[in-house]
Amino acid sequence: MTGGTDPSTKPRRGVVRRLTVGLAAILVASAIGWGGVYGIDALQRNPPGDATCRPALDLAQKIAPLTTGEVAAVSVAKAPLRIPELAFEDGEGKPRKLSEWRGRTVLVNLWATWCVPCRKEMPALDNLQAALGSDQFEVLAINIDTRDAEKPKAFLKDAGLTRLGYYADAKAKVFQDLKSAGKALGMPTTLLLDEQGCEIASIAGPAQWDSPEAIALLKKALTRSP
C-alpha cells in the first residue's frame, strides 16, 4: 500500500481522543470543585459586608458562649452589618438619630404599649439601664405607638420606669427600616450595637435583660480586651 492512512489506526486515535477529552473534563470538574470548597471557606473566613463592622463580628463570636439561660434566644451576628440610620424623637419632640450614639455600645429596643411581651419586658430594661448605663453603654428604647403619643409616657410613669430615656417614632418607620435590613420580624425587637453602629447580636422577642445571664453577656460585650 502506498500513500493514505492505515484504517486500523483510526479507532485507536478516536479512543485516545475520547480519553483525553474525558481526562480534561475530570480535571476541570476537580478544579471547579476545589475552587468551590475554597471559595466557600473564604467566604466563611472573610464574610462580605462593611469592613468597619468586622470588630463587631469578632465580638459577636466572643459573646456567643454566653447566650444561655434567659438570653438563650439571642442570635449573634454572622456577617458584618451596619444598622441603617434610624430617626426618631426624644421626650421633648426633638428629632434624634441613631448615629448620635456613636462611641457607645447600645441596646436598641423597639416596643409598644399594644405589645404585651414588650410591656412585660420594660421593667427588666429599666433595671439594666440602672445597672450598666454609663457613657459607654445605654439602653435605647424606642416606642412605636402610632395613635396616642401620651399613652406610652403614661405607661412608663405608672410602672415607675424612670431610668430609661423616652424616645418614640409615631410613624413606626424605625421598625420598617430594621425590617428592610432583615432585623425586625416582630415585637419586641432588640439589637446590640457596637460603637460604630454595627450589629453584635439581636433577638426577636422578649428577654429578661436584668438576669445574671444578660448582665454577664453585656459586660463581656463592653470588654474590649481579648
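On a predicted model such as this, the values are computed, not experimentally measured, just so you know.

Parameters and conventions
- Residues numbered from 1 in each chain as written.
- Predicted model: local features only at pLDDT ≥ 70, side-chain atom pairs only at ≥ 80, totals over all residues.
- Heavy atoms only, no water.
- Salt bridge = Lys/Arg side-chain N within 4 Å of Asp/Glu carboxyl O.
- Helix = DSSP H or I, 4+ residues; strand = E, 2+ residues; numbered from the N terminus.
- Buried < 20%, exposed > 50% of the residue type's maximum accessible area, 1.4 Å probe, protein only.
- Contact = heavy atoms within 4.5 Å.
- Polar contact = N/O pair within 3.5 Å; in protein donor to acceptor, adjacent residues only side chain to side chain.
- Pairing = 2+ DSSP bridges.
- Disulfide = S-S within 2.5 Å.
- Patch = residues over 30% accessible without salt bridge, like charges linked within 9 Å, V, L, I, M, F, W, Y side chains within 5 Å.
- Areas by Shrake-Rupley, 256 points an atom, 1.4 Å probe, with all protein chains shown as cover.
- Lys, Arg positive; Asp, Glu negative; His and termini not counted.
- Charge placed at Lys NZ, Arg CZ, Asp CG, Glu CD.

Engineer: What exactly am I supposed to notice about the pattern of salt bridges here?
Structural biologist: Pairing is possible between side chains of opposite charge, provided their charged atoms come close. Scanning all chains against the criterion turns up 6 salt bridges. Among the ionic pairs, D126 bridges to R163, the shortest N-O distance being 2.8 Å. Note that D126 is positioned in helix 3 (residues 116–132) and R163 in the loop between helix 4 (150–158) and strand 6 (167–168), a separation of 37 residues in sequence. R163 gets classed as partly exposed once you look at its relative accessible area, which sits at 41%. A salt bridge links K183 to E199; its shortest N-O distance comes to 3.0 Å. With K183 in the loop between helix 5 (173–180) and strand 7 (189–193) and E199 in strand 8 (residues 199–204), this residue pair connects regions lying 16 residues apart in the sequence.

Engineer: What should I look at first to understand the environment of F175 in this one?
Structural biologist: With respect to the helices and strands, the residue F175 is situated in helix 5. Taking the C-alpha atoms as reference, F175 lies 9.0 Å from L185; in sequence the two are 10 residues apart. Those residues in contact with F175 that lie beyond four places of it in its chain are L110, I144, A184, G186, M187 and T189.

Engineer: How should the side chain of T189 be read in this particular structure?
Structural biologist: Mapped onto the fold, T189 is located in strand 7. Residue T189 is classed as buried on the basis of its relative accessible area of 1%. Among the polar contacts listed, one links the side chain of T189 to the backbone oxygen of G186, at a separation of 2.6 Å. The residues touching T189, leaving out its near neighbours within four places in the chain, are V108, N109, L110, F175, L178, K183, A184 and I203.

Engineer: Teacher, can you tell me more about the pairing of strand 7 here?
Structural biologist: Across a regular strand the side chains alternate sides, sitting on one face of the sheet and then on the other. With respect to burial, strand 7 is a largely interior element, 5 of its 5 residues being buried. Here strand 7 shows no split at all, with T189, L191 and L193 on one side and T190 and L192 on the other all buried. Pairing between strand 4 (residues 105–111) and strand 7: 5 bridges, direction antiparallel. Across the sheet, residue V106 finds its bridge partner in strand 7, namely L193. Both strand 7 and strand 8 contribute to a ladder of 5 bridges, which runs antiparallel. Across the sheet, residue L192 finds its bridge partner in strand 8, namely A201. Remark: 5 residues form the turn of the hairpin made by strand 7 and strand 8, two consecutive strands paired antiparallel; G197 in that turn has positive phi of roughly 80°.

Engineer: Hey, could you run me through the state of the cysteines in this one?
Structural biologist: Each disulfide consists of a covalent bond between the sulfur atoms of two cysteine residues. Taken as a whole, this structure holds 2 disulfides when the rule is applied. The disulfide bridge from C115 ends at C118, spanning 2.3 Å between sulfur atoms. Sign of the S-S torsion, about 80° for the bond between C115 and C118, identifies this disulfide as right-handed. Each member of the pair C115 and C118 is classed as buried. Listing the disulfide partners of the chain by sequence rank of the bonded cysteines yields 1-4, 2-3.

Engineer: Honestly, a positive patch on the surface in this entry has me stumped. Any pointers?
Structural biologist: Together, R119, K120, R147 and K151 make up a region of like positive charge exposed at the surface. Positionally, K120 belongs in helix 3.

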